[in-house]
Number of protein chains: 2
Amino acid sequence: MVPISAIIMSAPKTAIAPTRAEDFPEWYQQVIKAADLAENSETRGCMVIKPWGYGIWELIQQQLDRKFKATGHQNAYFPLLIPLSYLEKEAEHAEGFATECAVVTHHRLEAQKDEVTGKTRMIPTGELAEPYVIRPTSETIIGAAFARWVESYRDLPLLINQWANVMRWEMRPRLFLRTAEFLWQEGHTAHETAEEAIDETRMIHGLYEEFLRDHLAIPVIPGEKTENERFPGADITLTVEAMVQDKKAIQAGTSHFLGQNFSKAQNIAFTGRNGQVQHAYTTSWGVSTRMIGTLIMAHADDDGLVLPPRVATQQIVIMPVTPKEDTRDEVIASCQALAETLRHQSFRGDPLRVHVDTRDLGGGVKKWEWIKKGVPLRIEIGPRDIESRKLCVQRRDQEISAKAFPMKDDFIREVADMLEDIHQNLLKRAAAFRDANIQACNTLEQFDAHWAQENPGWLLTPWAGDSEQEDELSKRHKITIRCIPLESVTLPPDALAALAGDCFLTGKPATVRALWGRSY
Amino acid sequence: MVPISAIIMSAPKTAIAPTRAEDFPEWYQQVIKAADLAENSETRGCMVIKPWGYGIWELIQQQLDRKFKATGHQNAYFPLLIPLSYLEKEAEHAEGFATECAVVTHHRLEAQKDEVTGKTRMIPTGELAEPYVIRPTSETIIGAAFARWVESYRDLPLLINQWANVMRWEMRPRLFLRTAEFLWQEGHTAHETAEEAIDETRMIHGLYEEFLRDHLAIPVIPGEKTENERFPGADITLTVEAMVQDKKAIQAGTSHFLGQNFSKAQNIAFTGRNGQVQHAYTTSWGVSTRMIGTLIMAHADDDGLVLPPRVATQQIVIMPVTPKEDTRDEVIASCQALAETLRHQSFRGDPLRVHVDTRDLGGGVKKWEWIKKGVPLRIEIGPRDIESRKLCVQRRDQEISAKAFPMKDDFIREVADMLEDIHQNLLKRAAAFRDANIQACNTLEQFDAHWAQENPGWLLTPWAGDSEQEDELSKRHKITIRCIPLESVTLPPDALAALAGDCFLTGKPATVRALWGRSY
């Protein structure tokens, strides 16, 4: 027998091993595993999204979809396979995706007996005259449809969104953050004028910022990508950049003004108000299952996932405490009744999602399972609580040991406020972390020294360099300009100093402030 | 100038040409075009689903998804690409899909200059050691995940559903009914015992029947497929069969009991209550965008689409009648106000979907557009209606010219009943049509003569033939046994006679009644 003291000594202090400080990438994998969110499959680079993870995606999808519809967009669906010739039309775009395209070349299989092993194998046959590419993104195929649909300025704007799977062959896949297949939404719009298309690009940029802040509790920095970092084929790429707990950046969503690049390549032309045939201005924009990776890296802790309430598959889990068989039914009934009452309450417009865990497992096992799954509120109700009309409440954003024992009626009245408080607390914590890790930088010495540190934060610099200089610095330090933050963005006081000086590299008067960082 | 009499003479009598009677297949294409539901794309056999058509799919999806969740299923997502070796594991299954598989063989493209034309072309490169197939269905890849997930009987049942795109290379595609890529849901479950798995298969079969009847107003005949017609790899295939207006059958949804065929091929094994390792019993079931095709063929008429209210992208369209500029604003405001009031009403649990069409188009043009799109209720409000507090209501399930002029308040009070009445009316009409076109048949002469007719209906026969005999009859008449209807199904009185006699082919005592028909 192992002595109890030895068990205690060897027990890990946290539910996730290794901790964030010990090994961040491995911690990330372990959080996903412990929360049962997703797993790798035998299809190279492709993941299986398990119910607890897919539930988060369904909530993201529902809540974003409402916003898209409220701003006049309609959903549609376009083919998965893109003829190679479509891709060839926009050279920069084709080049941008060429190295990561899955190509369909055959359309049937034939059984063949292997002479050596005697086994029957399926062999591709029916070679296609023109191969197809599985969409890495749909500008080309949606553009071809737009070209058919648009004739007059009266047909504009065309505001379309698609929820779909896309495929980009990834050499170094990582669950949610970078997978060969991922789920996303891609908006595609066509407009009469450049101004309208730019307005749309900006509106969606704002919508993404707001969504990340108000739904995922992630405070992003909105800004514009430099030419080096733009989407292949875009004139302007706007981005929202999130900082996660290892101080790296994640591009959480982008919206692109495509000018007339695609409309000329695909002939999206219309008769204008002046009677002249002209090319439309188009945009595209998207967020993906990558947001779930961002969410994990932004909020999870050494005990597992921490879910912001709005996208929590379950917001509240009620655990009946049933030490004795004779009170068991009563306790479970009381828990079910509370769950029903709570389901009639709402948080930010949606009914509460409440689960009662009646499984016959040890209380500790259950509790730790829900901690690792990141459920915002855990409730315990035991036989004595029924009489006293109290319950035990634990918040995932507080110490695991922290407990409150409110009256049940008070809890029901205040539960929405409590969820709101959890959301605000996660947001505040993430914003404080981000602000503490953005520094201003005015000299090249300081700049070079910064990136030699382990897990360096972001630098904000006055900038007037050109593309080649940017590229050289990027390669030297394995960094990129994450964005040129919008002028309206409030940055930490220290970082504001960056605005004062001349370009730290060229010494020329700075035209913009650039935000540099390592990224996923 | 063309004289008015000539215009009237040349005007088509119906909005859709040709009519159903003139050319049913072409009528179908024209209804889809006139309602702006979908169109062909340059990707062979793949369609673009346009917003009005995708809206129907979104409603089908939401409403079915609720039913799946209410019966304990959870959504998840599995890879699009299936390793060839997975498909090889279940031989019958592999063979069943071999002739229609899109195969991915390369994972990148390389730009190559064409020596002759001077143009740059993209060439597939990066050949894969093992090709992948785009899922034609996901039994094999989901089974592989189940094999990882299931260890003990405590992990069962596993009740999973996936909303996804799938691909089956179709040689004769037809919008919605048969496309190379289509959208669907596929349920996959694993159970401890055969009984539980069969119960699940039956429960979903009932759910599909109910969904088609109560949401799509389509009265289907539920039954079992014969061995010849089973899903490749299934022990039992249950189906719901719809009759459309050319009297052909459409298989609208299937649910399969897979026995241990897939669990043995993929080793979905668990330790049972008796401590023994055993194989699970699995099921799979699905409905697809094919349901939209069924819906069109079941309800549309010679003036275009007719939508059952529950799945109508818009249930009510309000058209302001604005003959004079000075009352225009007032009329539009009144329409908008009515729309808002109606949106707070609900029909079968969902808020009403109401659109106000304020476009500057002729009233006739607008009206016909919504007729062709199949909107259940059209409302017109003009300047004089505001004073009299009346409105003009037209129902899509009634004559185009039929109008009612209720008081606005009465209409608001009764609108949900009116939608219910439309639903019931469509259902009753379709059921009457179906019943009028199912005949009993007891002799081979009668049977052979029946199929020589143009557009023959279905035949219900006493049956005791074997697979080969079934196959021979099927080939002779280009028909199939659509199903062996459940014993509980009530069939038209005439058809019931079929139960009386011996098998019409073999003269043996009939073991079942078989329902024969031509199908899509």
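Here the residue numbers are simple positions, counted from 1 along each chain's written sequence. The lettering of chains begins at A and the numbering of ligands begins at 1, in the order of writing. Predicted model: local features are reported for residues with pLDDT of at least 70 only, side-chain atom pairs are reported and counted for 80 or more only, and whole-chain, interface and lining totals are derived from all residues. The side-chain numbers reported here are obtained from all heavy atoms of the structure, hydrogens and water having been left aside.

Asker: Describe the overall build of chain A, with residues and values.
Answerer: Every helix listed is a DSSP run of H or I at least four residues long, and every strand listed is a run of E at least two residues long, numbered separately from the N terminus. Across its full length, chain A carries 16 helices and 24 strands. Throughout, radius of gyration means the C-alpha value; the globule benchmark is 2.2 Å times the number of residues raised to the power 0.38. Relative to its length of 520 residues, chain A is compact, with a C-alpha radius of gyration of 26 Å against a globular reference of 24 Å. Expressed as lengths along the three principal axes of its C-alpha atoms, the size of chain A is roughly 80 × 70 × 55 Å. Every residue pair with non-hydrogen atoms within 4.5 Å of one another is taken to be in contact. Taking contacts inside chain A between residues at least 6 apart in sequence as the whole, the part at least 24 apart equals 71%. The Shrake-Rupley method, run with a 1.4 Å probe, gives the accessible areas here. Residue values count only the displayed protein chains as cover. Element-wise, carbon and sulfur atoms account for 49% of the exposed surface of chain A, whose accessible area totals about 21,700 Å². We treat Lys and Arg as the positive residues and Asp and Glu as the negative residues; His and chain ends play no part in the count. Taken as the charge location is NZ of Lys, CZ of Arg, CG of Asp or CD of Glu. Considering chain A, the positive charge centre built from 59 side chains and the negative charge centre built from 73 side chains are found 4 Å apart.

Asker: Residue-level account of the pattern of salt bridges, with values.
Answerer: Close approach of charged atoms allows side chains of opposite charge to pair. Each salt bridge in this description consists of a side-chain nitrogen of Lys or Arg and a carboxyl oxygen of Asp or Glu lying within 4 Å of one another. Considering all chains together, one arrives at 57 salt bridges over all chains under this definition. Between Asp301(B) and Arg396(B) there is a salt bridge, with the nearest N and O atoms lying 2.8 Å from each other. Taken together, the positions of Asp301(B) in the loop between α9 (290–299) and β15 (316–320) and Arg396(B) in the loop between β20 (392–395) and α13 (408–436) put the pair 95 residues apart, joining distant regions of the chain. Per residue, the accessibility class of Asp301(B) equals that of Arg396(B), and both read buried. Residues Asp360(B) and Arg328(B) are paired through a salt bridge, measuring 3.3 Å at the closest nitrogen-oxygen approach. Highlighted residues: Asp360(B) in the loop between β18 (354–356) and α11 (363–373) and Arg328(B) in helix α10 (residues 325–343), separated in sequence by 32 residues. Working definition: with a 1.4 Å probe on protein chains only, accessible area under 20% of the residue-type maximum means buried, over 50% means exposed, and in between means partly exposed. Assessed through its relative accessible area of 69%, Asp360(B) is described here as exposed. The exposure class assigned to Arg328(B) is buried, which follows from its relative accessible area of 19%. Where salt bridges share partners, they join Asp36(A), Glu39(A), Lys50(A) and Arg148(B) into one cluster.

Asker: Describe unusual backbone geometry, and please don't skip the residues or the numbers.
Answerer: Residue and element names in this part refer to chain B. For the bond from Ala-17 to Pro-18, the omega torsion is -5°, close enough to zero to count as cis. Residue position: Pro-18 is located in the loop between α1 (4–10) and α2 (24–34). Omega for the bond connecting Leu-156 with Pro-157 falls within 30 degrees of zero, at -5°, which places this linkage in the cis form. Following the sequence through the fold, Pro-157 ends up in the loop between α6 (139–149) and β7 (158–167). We note that Phe-176 has phi near 65°; this positive angle belongs to a residue other than glycine. The topology assignment puts Phe-176 in the loop between β7 and β8 (181–191). Residue Phe-176 is classed as buried on the basis of its relative accessible area of 1%. Here the phi dihedral of Arg-348 falls at roughly 50°; this positive angle occurs in a residue that is not glycine. If you trace the backbone, Arg-348 turns up in the loop between β16 (346–347) and β17 (350–351). Given the relative accessible area of 29%, Arg-348 is considered partly exposed.

Asker: Account for the packing of α2(B) against α9(B), with residues named and values stated.
Answerer: Residues and elements named next belong to chain B. Inter-axis angles, ranging from 0 to 180 degrees, are taken between N-to-C directions of lines fitted to C-alpha atoms, where helices are fitted over the stretch in contact. Between α2 and α9, the least distance of the axes is 11 Å, while the angle of their chain directions is 110°. Between α2 and α9, the angle falls in the class roughly perpendicular. Where α2 crosses over α9, the handedness of that crossing is right-handed. Within the contact between the two elements, α2 uses Phe-24, Trp-27, Tyr-28, Val-31 and Ile-32 and α9 uses Gly-293, Ile-296 and Met-297. Grouping the amino acids of the contact of α2 with α9 by side-chain chemistry returns seven nonpolar, one polar and no charged. Roughly parallel means an angle under 35 degrees; roughly antiparallel, over 145; roughly perpendicular, 65 to 115; everything else is oblique. Each helix crossing is assigned a hand: it is left-handed if the near helix lies turned anticlockwise from the far helix by less than a right angle, otherwise right-handed if that turn is clockwise. Polar here means any residue other than Ala, Val, Leu, Ile, Met, Phe, Trp, Tyr, Cys and Pro, which are nonpolar, and Asp, Glu, Lys and Arg, which are charged; Gly is therefore polar.

Asker: Break down the packing of helix α14 (residues 444–452) of chain A against helix α15 (residues 467–477) of chain A for me, citing the residues and quoting the values.
Answerer: Residues and elements named next belong to chain A. Their axes nearest at 10 Å, the elements α14 and α15 cross at an angle of 35°. Contact residues: Leu-444, Phe-447, Asp-448 and Trp-451 in α14; Leu-473, Arg-476 and His-477 in α15. A class-by-class count of the residues in the contact of α14 with α15 yields four nonpolar, one polar and two charged.

Asker: Could you give an account of the interface of chain A and chain B, with specific residues and numbers?
Answerer: At the interface, 63 residues of chain A touch 63 residues of chain B. What counts as buried area is the accessible surface, traced by a 1.4 Å probe, that two parts surrender upon association, with contributions from both included. Interface area for chain A against chain B, summed over the two sides, is near 5,300 Å², with a carbon-plus-sulfur share of 61%. Among the ionic pairs, Glu58(A) bridges to Lys69(B), the shortest N-O distance being 3.0 Å. Polar contact is the term for a pair of N or O atoms within 3.5 Å; when the atoms are in protein, one must be able to donate a hydrogen and the other to accept it, and sequence-neighboring residues count only if both atoms are side-chain atoms. Put simply, chain A and chain B have 36 residue pairs in polar contact (both at pLDDT 80 or more) between them. Top element by residues in the side of chain A that touches chain B is strand β6 (residues 120–134) of chain A. It accounts for nine residues.

Asker: Got a sec to walk through the environment of Leu377(A)? Specific residues and values, please.
Answerer: Residues and elements named next belong to chain A. Note on placement: Leu-377 falls in strand β19 (residues 377–381). The class of Leu-377 is buried, set by a relative accessible area of 0%. C-alpha of Leu-377 to C-alpha of Ile-318: the two residues are 59 residues apart in sequence and 8.5 Å apart in space. Dropping the residues within four chain positions of it, Leu-377 is found in contact with Gln-315, Ile-316, Val-317, Val-393, Gln-394, Arg-395, Phe-411, Val-415, Met-418, Leu-419 and Ile-422.

Asker: Which residues make up the sheet that holds β18(B), and what are the values?
Answerer: All names here are of chain B. In space, the four strands of this open sheet follow the order β18-β15-β19-β20, with mixed pairing throughout. Taken across any chain shown, the strands that pair with only one partner, and hence form the sheet edges, are β18 and β20. Between one strand and the next, the sheet's axes are offset by a mean angle of 20°, whatever the strand orientation. Bridge count between β15 and strand β19 (residues 377–381): five bridges; the pairing is parallel. Residue pairing for β19: Val-317 is matched across the bridge by Arg-378. Sheet strands in contact with α10 are β15, β18 and β19, and its direction is about 165° off that of β15. Whether two strands pair depends on DSSP finding at least two bridges between them.

Asker: Account for the packing of aromatic side chains, with residues named and values stated.
Answerer: All names here are of chain A. Two rings from Phe, Tyr or Trp (for Trp, the six-membered ring) form a pair when their centres are within 6.5 Å of each other. A pair whose planes differ by under 30 degrees is stacked, one over 60 is edge-to-face, and the rest are tilted. Scanning all chains against the criterion turns up 34 aromatic pairs over all chains. An angle of 75° between the planes, with centres 5.9 Å apart, marks the rings of Phe-447 and Trp-451 as edge-to-face. One end of the pair, Phe-447, and the other, Trp-451, are both in helix α14, four residues apart, so they sit about a helical turn from each other. Each member of the pair, Phe-447 as well as Trp-451, carries the same accessibility label: buried.

Asker: Please set out the relation of the copies chain A and chain B residue by residue, giving values where relevant.
Answerer: What relates the pair of chain copies is a rotation about an axis plus a shift along that axis. Here the copies are superposed with least squares, the fitted atoms being C-alpha atoms of residues at a pLDDT of at least 70 in both. When chain A is brought onto chain B, the operation consists of a screw motion whose angular component is 180° and whose axial shift is 0.0 Å, with 0.0 Å RMSD remaining. Between the two chains, the operation in question is that of a two-fold axis. Residues of chain A ranked by C-alpha distance from the rotation axis are headed by Val104(A), positioned 2.1 Å from it. Both copies contact each other with a shared surface, as 100% of the interface residues of chain A are interface residues in chain B too.

Asker: Describe helix α3 (residues 51–70) of chain B, with residues and values.
Answerer: One less than the residue count of a helix, multiplied by 1.5 Å, gives the span that helix is expected to have. The end-to-end C-alpha distance of α3(B), which contains 20 residues, comes to 28 Å, matching closely the 28 Å that a straight helix rising 1.5 Å per residue would cover. Looking one or two residues past α3(B), Gly72(B) carries a phi angle of roughly 90°, positive in sign.

Asker: Give a description of the sheet that holds strand β24 (residues 512–517) of chain B that names residues and reports values.
Answerer: Residue and element names in this part refer to chain B. Across the sheet, 11 strands lie side by side as β3-β7-β8-β14-β11-β10-β9-β23-β24-β22-β21; this open sheet has mixed pairing. The open sheet has two free edges, formed respectively by β3 (74–75) and β21 (438–440), since each of these has just one partner strand. Bridge count for strand β9 (residues 221–224) against strand β10 (residues 236–243) is four bridges, and the pairing is antiparallel. Looking at the pairing, Ile-221 lines up with Glu-241 of β10. Where α3 meets the sheet, it contacts β3, β7, β8 and β14 (281–288), and its direction lies at approximately 165° from that of β7. Docked against the sheet, α6 engages β7, β8, β11 (249–259) and β14, running at close to 30° with respect to β8.

Asker: How would you explain a negative patch on the surface if you had to name every residue and give the values?
Answerer: Residue and element names in this part refer to chain A. Here the term patch refers to residues with relative accessible area over 30% and no salt bridge, with like charges joined within 9 Å and nonpolar side chains (Val, Leu, Ile, Met, Phe, Trp, Tyr) within 5 Å. Side chains of Glu-92, Glu-95, Glu-227 and Asp-235 sit close together on the surface and give a patch of like negative charge. By the element assignment, Glu-227 lies in the loop between β9 (221–224) and β10 (236–243). A relative accessible area of 55% places Glu-227 in the exposed class.

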